[in-house]
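Structural overview for review
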Amino acid sequence: RREAGDAGELPDTPGHRRSGNVEVEGYPCRIRGSKLRLRLPRAGGRDGPEVGRVLRGGGIVFRGVDEWAEELLMAAPPRAADAASGPLPASFDVAAVVGALERGEPWVCTDFASPSEVLAANAEMEALESSRMLRGAAAGTTAGGGK
């Protein structure tokens, strides 16, 4: 099968869309020319990484969503930029996140929480562990455990 990108952009006719929002296998996507990009609704609807292509006949080749793109899709900004919680961390840059994911790299928000928030979260985790509500042996992500 020949991909749409081989001969340039698709014409914008009923059978050949150049742009627009679509849902593919339950994922919100956006058609941009011959590219199918993941749409990030929690990031203002911005385009995420490329997840497929649109064929000349209007068909879609969906390559799926990898773990990093799934995390980006489900992620929300760390906090609202308002007087109560303060501004978004300077390291939170949606364009940088998308770029890193397109390269297959992770992106780390280095200042997602203040030192007091980290201490409060640590105290809560310690309390859960002390009450036996949190046990490493039951976690599927611990070394030796899991899938």
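Provided above is the structure to which this section pertains.
The text that follows walks through the structure, step by step, so that each part is easy to find. (Residues numbered from 1 in each chain as written. Predicted model: local features only at pLDDT ≥ 70, side-chain atom pairs only at ≥ 80, totals over all residues. Heavy atoms only, no water.)

**Some details on the overall build of the protein chain**
Within the protein chain, the regular secondary structure consists of three helices and five strands. Buried positions account for 27% of the 147 residues belonging to the protein chain. In the protein chain, 36% of the contacts between residues at least 6 apart in sequence involve partners at least 24 apart. As displayed, the protein chain offers around 9700 Å² of accessible surface, 53% of which is attributable to carbon and sulfur atoms. (Helix = DSSP H or I, 4+ residues; strand = E, 2+ residues; numbered from the N terminus. Buried < 20%, exposed > 50% of the residue type's maximum accessible area, 1.4 Å probe, protein only. Contact = heavy atoms within 4.5 Å. Areas by Shrake-Rupley, 256 points an atom, 1.4 Å probe, with all protein chains shown as cover.)

**Here's the deal with the pattern of salt bridges**
A complete count under the given rule lists six salt bridges for this structure. A salt bridge links Lys 35 to Glu 50; the nearest nitrogen and oxygen atoms lie 4.0 Å apart. Of the two residues, Lys 35 sits in strand E3 (residues 35-40) while Glu 50 sits in strand E4 (residues 46-54), which places them 15 residues apart along the sequence. On the basis of relative accessibility, which here comes to 24%, the residue Glu 50 falls in the partly exposed class. Put simply, Arg 53 and Glu 50 hold a salt bridge, and the shortest N to O gap is 3.6 Å. Classification of Arg 53 by relative accessible area gives buried; the value is 15%. (Salt bridge = Lys/Arg side-chain N within 4 Å of Asp/Glu carboxyl O.)

**Focus on the environment of Gly 20**
Among the structural elements, Gly 20 can be located in strand E1 (residues 19-24). When the C-alpha atoms of Gly 20 and Ile 31 are compared, they prove to be 5.3 Å apart, with 11 residues separating the residues in sequence. Contact partners of Gly 20, with chain neighbours within four places excluded, come to Cys 29, Arg 30 and Ile 31.

**Overview of the side chain of Arg 53**
Tracing the backbone through its elements, the reader meets Arg 53 in strand E4. Side chain to side chain, Arg 53 and Ser 34 meet in a polar contact 3.3 Å long. (Polar contact = N/O pair within 3.5 Å; in protein donor to acceptor, adjacent residues only side chain to side chain.)

**Brief notes about the side chain of Arg 37**
Relative to the elements of secondary structure, Arg 37 occurs in strand E3. According to the relative accessible area criterion, Arg 37 is buried, its value standing at 13%.

**What about the nonpolar core?**
Counting 19 residues, the largest nonpolar core has Tyr 27, Cys 29, Leu 36, Leu 38, Val 51, Phe 62 and Val 65 as its most contacted members. Sorting the residues of this core by element identifies E1, strand E2 (27-32), E3, E4, helix H1 (67-74) and helix H2 (94-102) as the ones contributing at least two each. For this core, the leading source of residues is H2, giving four residues. (Core = buried A, V, L, I, M, F, W, Y, C linked by side-chain atoms within 4.5 Å.)

**What to know about the sheet that holds E2**
Strand order across the open sheet formed by five strands is E1-E2-E3-E4-E5, with antiparallel pairing between neighbours. Edge strands, defined here as strands with exactly one partner in the open sheet, are E1 and strand E5 (60-62). Between one strand and the next, the sheet's axes are offset by a mean angle of 45 degrees, whatever the strand orientation. In this structure, E3 lies alongside E4, joined through five bridges in antiparallel fashion. The partner of Arg 39 across the bridge, within E4, is Asp 47. Across the sheet, H1 touches E2, E3 and E4, and the angle it forms with E3 is around 45 degrees. Along the sheet face, H2 touches E3 and E4 and points at about 30 degrees away from the line of E4. (Pairing = 2+ DSSP bridges. Axes fitted to C-alpha atoms, helices over the stretch in contact; angles between N-to-C directions.)

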